[in-house]
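Read off the chains here:
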Amino acid sequence: MKKLFLVVAAAAFVFGITSCDKKCVCKTYVNGDVTATNEYTIDKDSDKKCSDYATTAVVDLGNGKTGMECK
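Residues numbered from 1 in each chain as written. Predicted model: local features only at pLDDT ≥ 70, side-chain atom pairs only at ≥ 80, totals over all residues. Heavy atoms only, no water.

Trainee: Please clarify how the environment of Lys71 should be interpreted in this entry.
Mentor: Relative to the assigned elements, Lys71 resides in the segment after β4 (65-70). Residue Lys71 is classed as exposed on the basis of its relative accessible area, which comes to 65%. The sequence separation of Lys71 and Lys27 amounts to 44 residues, and the corresponding C-alpha distance is 8.7 Å. Among all residues touching Lys71, those that are not within four sequence positions of it are Lys23, Cys24, Val25 and Cys50. (Helix = DSSP H or I, 4+ residues; strand = E, 2+ residues; numbered from the N terminus. Buried < 20%, exposed > 50% of the residue type's maximum accessible area, 1.4 Å probe, protein only. Contact = heavy atoms within 4.5 Å.)

Trainee: Just to check I follow, could you spell out the packing of aromatic side chains for this structure?
Mentor: In this description, a pair of aromatic rings is defined by centroid distance and the angle of the planes. Throughout the structure, instances matching the rule amount to one aromatic pair. Seen from their ring centres, Tyr40 and Tyr53 are 4.5 Å apart, and the 10° between their planes marks the pair as stacked. Taken together, the residues span a long stretch of sequence, with Tyr40 in strand β2 (residues 33-42) and Tyr53 in the loop between β2 and β3 (59-60) at a distance of 13 residues. Relative accessible area serves as the criterion here: at 27%, Tyr40 is assigned to the partly exposed category. Residue classification places Tyr53 among the partly exposed positions, given a relative accessible area of 21%. In this arrangement the basic side chain of Lys65 is found over the ring face of Tyr29, its NZ or CZ atom lying 4.3 Å from the centre. (Phe/Tyr/Trp six-rings, centres within 6.5 Å; stacked < 30°, edge-to-face > 60°. Lys NZ or Arg CZ within 6 Å of the ring centre and 35° of its normal.)

Trainee: Got a minute to help me understand unusual backbone geometry in this structure?
Mentor: One can expect most non-glycine residues to show negative phi and most peptide bonds to be in trans. Look at Asn31: it is not a glycine, yet its phi comes out positive at around 50°. When its relative accessible area of 43% is taken as the criterion, Asn31 is described as partly exposed.

Trainee: Teacher, can you tell me more about the sheet that holds β3 here?
Mentor: Across a sheet, strands are paired by hydrogen bonds formed along the backbone, either parallel or antiparallel in direction. Here we have four strands laid out as an open sheet, ordered β2-β1-β4-β3, and antiparallel in their pairing. Lying at the two open borders of the sheet, with one neighbouring strand each, are β2 and β3. As defined by bridge partners, β3 adjoins β4 across two bridges and the pair is classed as antiparallel. Counted as the bridge partner of Val59 is Thr66 from β4. (Pairing = 2+ DSSP bridges.)

Purely geometric stuff here, so don't read any function into it on its own.
Listed below in structure tokens is the structure:
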């Protein structure tokens, strides 16, 4: 009975991890300062990545980062 419980608990744990949607946080930087923060939810069945939401490249010109970075 204990083995069956462990198998069911392990299966529920794996299912719980794989069924979650992914959350991405995107920050917009201007000269190293965060000017905006947005959060996006990616459906578990989607093939998108967080980096797909970044609209500009993040560059550091000596004054700090400028652009949108998503993680």
